[in-house]
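What follows is the residue order along each chain.
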Amino acid sequence: MIRGFALARSRGSVPCRIKVGSHGWRSGVARYADGELHWIPFMGVLFRPRHAIARRGLTVSARRPIDGGLWAVDCGPISLAMSEDALTGFLAWLESAPPSAYLDVA
């Protein structure tokens, strides 16, 4: 309980659920750091991110409403669910990437 409160209250974090593959939704928080979205679960011992999703090459393939007033976005094998305000911030973060982030440099 204290862990979830500490994570949710930390600066720059938004409550976010994640679904990887066919597994169910898991609750945690998302933070933006160095061109990556870090997802940290509410349940666990360590405060390190369980998933680090790079902004480079990330595309949103679908967006849909789900239960509890949340919106889900599909990003390849990973789906993220968050509030409408958090989704707006997530999409702005994706769009604000420098143009070089989408180029493959050989």
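Up top is the structure these notes are about.
A short tour of the structure in this document, coming up. Bear in mind the structure is a predicted one, so any value in this text is a computation, not a measurement. (Residues numbered from 1 in each chain as written. Predicted model: local features only at pLDDT ≥ 70, side-chain atom pairs only at ≥ 80, totals over all residues. Heavy atoms only, no water.)

Taken together, the 7 strands give an open sheet; going across it, the order is S4-S3-S2-S1-S7-S6-S5, and neighbouring strands pair in antiparallel fashion. Edge positions in the sheet fall to strand S4 (51–54) and strand S5 (62–66), since each has one partner strand and no second. Mean inter-strand twist for the sheet, computed between neighbouring axes without regard to direction, equals 30°. The pairing of strand S1 (residues 13–20) with strand S2 (residues 26–33) spans 6 bridges and is antiparallel. What sits directly across from isoleucine 18, in S2, is arginine 26. (Pairing = 2+ DSSP bridges. Helix = DSSP H or I, 4+ residues; strand = E, 2+ residues; numbered from the N terminus. Axes fitted to C-alpha atoms, helices over the stretch in contact; angles between N-to-C directions.)

Let's shift gears to the nonpolar core. By size, the foremost hydrophobic cluster in this structure holds 18 residues, and its most contacted members are Leu37, Leu58, Leu80, Met82 and Phe90. For this core, the elements supplying multiple residues, two or more each, are S1, strand S3 (36–41), strand S6 (70–75), strand S7 (78–82) and helix H2 (84–95). Sorting elements by how many residues they give to this core places H2 first, with 6 residues. In this structure leucine 80 touches Cys16, Arg17, Ile18, Trp25, Leu37, Ile53, Trp71, Ala72, Val73 and Phe90, once residues within four positions along its chain are discounted. (Core = buried A, V, L, I, M, F, W, Y, C linked by side-chain atoms within 4.5 Å. Buried < 20%, exposed > 50% of the residue type's maximum accessible area, 1.4 Å probe, protein only. Contact = heavy atoms within 4.5 Å.)

Now for H2. Between its first and last C-alpha atoms H2 spans 17 Å; for 12 residues at 1.5 Å apiece the expected length is 16 Å, and the two agree. Along H2, the residues that are buried comprise Ala86, Leu87, Phe90, Leu91, Trp93 and Leu94. The buried residues of H2 all sit within an arc of 155° when viewed along its axis, so they share a single face. Opposite the buried face of H2, by more than 90 degrees, sit the exposed residues Glu84, Asp85, Thr88 and Glu95. (Expected span 1.5 Å × (residues − 1). Arc of directions from axis to C-beta.)

This paragraph deals with the side chain of aspartate 74. Residue position: aspartate 74 is located in strand S6. With relative accessibility at 16%, the residue aspartate 74 sits in the buried group. At 2.6 Å, the side chain of aspartate 74 and the side chain of serine 79 are in polar contact. Here aspartate 74 is in contact with Thr59, Val60, Ser61, Ala62, Arg64 and Ser79, once residues within four sequence places are set aside. (Polar contact = N/O pair within 3.5 Å; in protein donor to acceptor, adjacent residues only side chain to side chain.)

In this section: the side chain of histidine 38. Along the polypeptide, histidine 38 turns up in strand S3. At a separation of 2.9 Å, a polar atom in the side chain of histidine 38 contacts the side chain of glutamate 36. Not counting chain neighbours up to four residues away, the residues in contact with histidine 38 comprise Val29, Ala30, Arg31, Ala33, Pro49, His51 and Ala52.

Counting buried residues along S3, 5 of its 6 residues qualify, which places the element largely inside the surrounding structure. The antiparallel pairing of S2 with S3 creates a hairpin that spans 2 residues between the two strands, and aspartate 34 there sits at a positive phi of about 50°. Here 4 bridges tie S3 to S4, and the two strands are oriented antiparallel to one another. Within the sheet, the bridge partner assigned to glutamate 36 lies in S4 and is alanine 54.

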